[in-house]
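# Working through the structure, step by step
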Amino acid sequence: MEVKLTTNDADIISTGSVIIPKDKYVEFEIENLKFRIEFVLDKNDDGTLKESRIATNVVGEAPEQRLEIRFINHVNLFMATPPSIFHAATINNRSLLLNFAIMSLNNSNVEIESKLFHYTWCLKKEGE
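We now turn to the structure provided with this report. Being a predicted model, the structure only gives us computed values, none of them experimental.

Calculation rules
- Position labels on residues start from 1 in each chain and follow its written sequence.
- Totals for whole chains, interfaces and linings use every residue, but because this is a predicted model, local features are given only for residues with pLDDT of at least 70 and side-chain atom pairs only at 80 or more, for both listing and counting.
- Where side-chain values are given, they derive from all heavy atoms of the structure, hydrogens and water being excluded.
- Points on a 1 Å grid, built from protein atoms alone, make a cavity when a 1.4 Å probe fits but cannot get out and make a pocket when they are open with protein on both sides within 12 Å along at least 5 of 7 lines; residues with an atom within 4 Å of a point are the lining residues.
- Grid points are joined across faces, edges and corners, and a volume is the space filled by probe spheres set on the points.
- Three residue categories are used. Nonpolar comprises Ala, Val, Leu, Ile, Met, Phe, Trp, Tyr, Cys and Pro, charged comprises Asp, Glu, Lys and Arg, and polar comprises the others, including Gly.
- Only DSSP runs of H or I with at least four residues qualify as helices, and only runs of E with at least two residues qualify as strands; both kinds are numbered from the N terminus onward.
- To sort residues, take the accessible area from a 1.4 Å probe on protein chains only and compare it with the maximum for the residue type: under 20% means buried, over 50% means exposed, and anything in between is partly exposed.
- Any two strands with at least two DSSP bridges between them are considered paired.
- To obtain each axis, a line is fitted to C-alpha atoms, and for helices this fit is confined to the stretch in contact; angles are then taken between N-to-C directions over 0 to 180 degrees.
- Two rings belonging to Phe, Tyr or Trp (six-membered ring only in the last case) form a pair when the distance between their centres is within 6.5 Å. Interplanar angles under 30 degrees mark stacking, angles over 60 mark edge-to-face geometry, and anything in between is tilted.

### Regarding empty space enclosed by the protein
This structure, assessed with the given rule, holds 1 cavity of 30 Å³ or more. Considered as a void within the structure, the largest cavity measures approximately 100 Å³ in volume. Looking at the largest cavity, it is lined by 15 residues, and the ones nearest its centre are K22, F39, V40, E113 and K115. For the lining of the largest cavity, the class distribution of residues is 8 nonpolar, 2 polar and 5 charged.

Here you go:
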């Protein structure tokens, strides 16, 4: 039996959760487009963490090219979500969107903290 998920303005193509251990990453491939999600620490000279942010960068050459989405200094999170859905790419004139929530695991020490990454990939409906 096939289950199809939609919202009023998008078709959900994948949704789930994955645990990302410290210093590891997860990659998604959708229609030959590759995306890498990773969490990293960035410290000042005195060892304190710099401000948290999200950085994106296209890395590599086709066919191994990918979009890296780096969550920098996202630590001690109970359940963090973005203020808006992330536009990741365009497929067949439709926006590929990523919505997510992040929860810290093992958060008593940022040096070993893993993340629980809840994700939903969706394509905007045509004309939306």
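Here the narrative resumes, following the displayed structure.
### Concerning unusual backbone geometry
The linkage connecting A62 with the following residue, P63, adopts the cis geometry, with an omega of 5°. Considering the arrangement of structural elements, one finds P63 in the loop between strand 5 (53–59) and strand 6 (66–72). One non-glycine residue, N73, adopts positive backbone phi at about 60°. Secondary-structure assignment places N73 in the loop between strand 6 and strand 7 (86–91). Classification of N73 as buried rests on a relative accessible area of 5%. Unlike most non-glycine residues, N76 shows phi in positive territory, near 50°. Take N76: it is sitting in the loop between strand 6 and strand 7.

### Notes on the pairing of strand 2 (residues 10–20)
Relative to strand 2, strand 1 (residues 5–6) runs antiparallel, the two being bridged by 2 bridges. Bridge pairing links L5 to I12 in strand 2. The hairpin formed by strand 1 and strand 2 contains 3 residues between the paired strands. Here strand 2 runs beside strand 9 (residues 114–124); their pairing, made up of 10 bridges, is antiparallel. Considered in strand 9, the bridge of S14 is made with W121.

### Looking at the sheet that holds strand 3 (residues 25–30)
Reading across the sheet, the 4 strands line up as 3-4-6-5 and stay open at both edges, with mixed pairing between neighbours. Two strands close off the open sheet at either side, each with one partner strand: strand 3 and strand 5. For this sheet the average axis-to-axis angle between neighbouring strands, irrespective of direction, equals 20°.

### Some details on the packing of aromatic side chains
Two measures describe an aromatic ring pair: the distance that separates the ring centres and the angle between the ring planes. The full count for this structure, using the stated rule, is 9 aromatic pairs. Ring geometry for F35 against W121: centres 5.0 Å apart, planes inclined by 40°, an arrangement best described as tilted. On the criterion of sequence distance, the pair formed by F35 in strand 4 (residues 33–40) and W121 in strand 9 is long-range, its members being 86 residues apart. Across the pair, W121 and F35 agree in class, each one buried. An aromatic cluster is built from F28, F35, F39, F71, F100, F117, Y119 and W121, whose rings are joined through pairwise contacts.

Without other data, these values stay purely geometric and don't point to any function.
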